[in-house]
Amino acid sequence: MVLLSSTGRYRWRTDARGALPAALMWMFPKGAKDCGDHQWYRKDERTYRCYHCEPGERPSTPDEDRQRTGVPGRD
C-alpha cells in the first residue's frame, strides 16, 4: 500500500484509515469540504457516498440500478 496519495484533497485521510487498526479510525474523520475528485461507494439502496468527503453524496441513477440488478430498461 502507498501512503499519502498525491492526488485529491483528503486522500491522505483515506490512506491513513486503510493503514490503521479500526480502533484508531475516529482520529481521521471524513473531510468537511468537497474533495473535488470523488470515489463512490453505495451507502444504501438509493444513495452513493464519497470515500473522502462528507459533502460527496448523490442518488443512484436508473441506469446504475439496471446495471446492478441486470433488469433491462423499458423504452
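Residues numbered from 1 in each chain as written. Predicted model: local features only at pLDDT ≥ 70, side-chain atom pairs only at ≥ 80, totals over all residues. Heavy atoms only, no water.

**Description of the overall build of the chain**
How we decide: Helix and strand definitions follow DSSP, with helices as H or I runs of at least four residues and strands as E runs of at least two, each counted in order from the N terminus. In this scheme, a residue with accessible area under 20% of its type's maximum is buried, one over 50% is exposed, and one in between is partly exposed, where area comes from a 1.4 Å probe on protein chains only. The contact criterion used is simple: two residues touch if any of their non-hydrogen atoms lie within 4.5 Å. Here the accessible surface of atoms and residues is derived via Shrake-Rupley with a 1.4 Å probe, and residues count as covered only by protein chains that are part of the display.
Each helix and strand in the chain was counted, giving two helices and three strands. Written out in order from the N terminus, the α and β elements of the chain read α-β-β-β-α. Within the chain, buried positions represent 24% of all 75 residues. The contacts in the chain between residues at least 6 apart in sequence include a share of 17% that link residues at least 24 apart. For the chain, the computed accessible surface area is about 5,600 Å², with 55% contributed by carbon and sulfur atoms.

**A short note on the sheet that holds strand β3 (residues 57-59)**
We apply this condition: The pairing criterion for strands is at least two bridges between them, as found by DSSP. In this analysis an axis means a line fitted to C-alpha atoms, helices contributing only their contacting stretch, and an angle means the value between N-to-C directions, from 0 to 180 degrees.
The sheet built from three strands is open, its strands ordered β1-β2-β3 with antiparallel pairing. Taken across any chain shown, the strands that pair with only one partner, and hence form the sheet edges, are β1 (40-44) and β3. Geometrically, the sheet is characterised by an average inter-axis angle of 35° between neighbouring strands, direction not taken into account.

**Comments concerning the confidence of the model for the chain**
Short version of the rule: Each residue carries a pLDDT score, the predictor's own confidence in it, on a scale running from 0 to 100.
In the predicted model, the chain carries a mean pLDDT of 79, and 76% of its residues have values of at least 70. Mean pLDDT across the elements of the chain bottoms out in helix α2 (residues 62-69) (68) and peaks in strand β2 (residues 47-50) (90).

**Overview of the environment of G36**
Inspection of the secondary structure assignment puts G36 in the loop between α1 (11-19) and β1. Using a relative accessible area of 66% as the deciding quantity, one classes G36 as exposed.

**Concerning the pattern of salt bridges**
Cut-off, in case you're wondering: When a carboxyl oxygen of Asp or Glu is within 4 Å of a side-chain nitrogen of Lys or Arg, the pair counts as a salt bridge.
The final tally for this structure, using the stated rule, is three salt bridges. Between R11 and D37 there is a salt bridge, with the nearest N and O atoms lying 3.3 Å from each other. Of this pair, R11 sits in helix α1 while D37 sits in the loop between α1 and β1, and the two are 26 residues apart along the sequence. Residues R49 and E54 are paired through a salt bridge, measuring 3.0 Å at the closest nitrogen-oxygen approach. By relative accessible area, R49 is classed as buried at 10%. Classification of E54 as partly exposed rests on a relative accessible area of 42%. Where salt bridges share partners, they join R49, E54 and E57 into one cluster.

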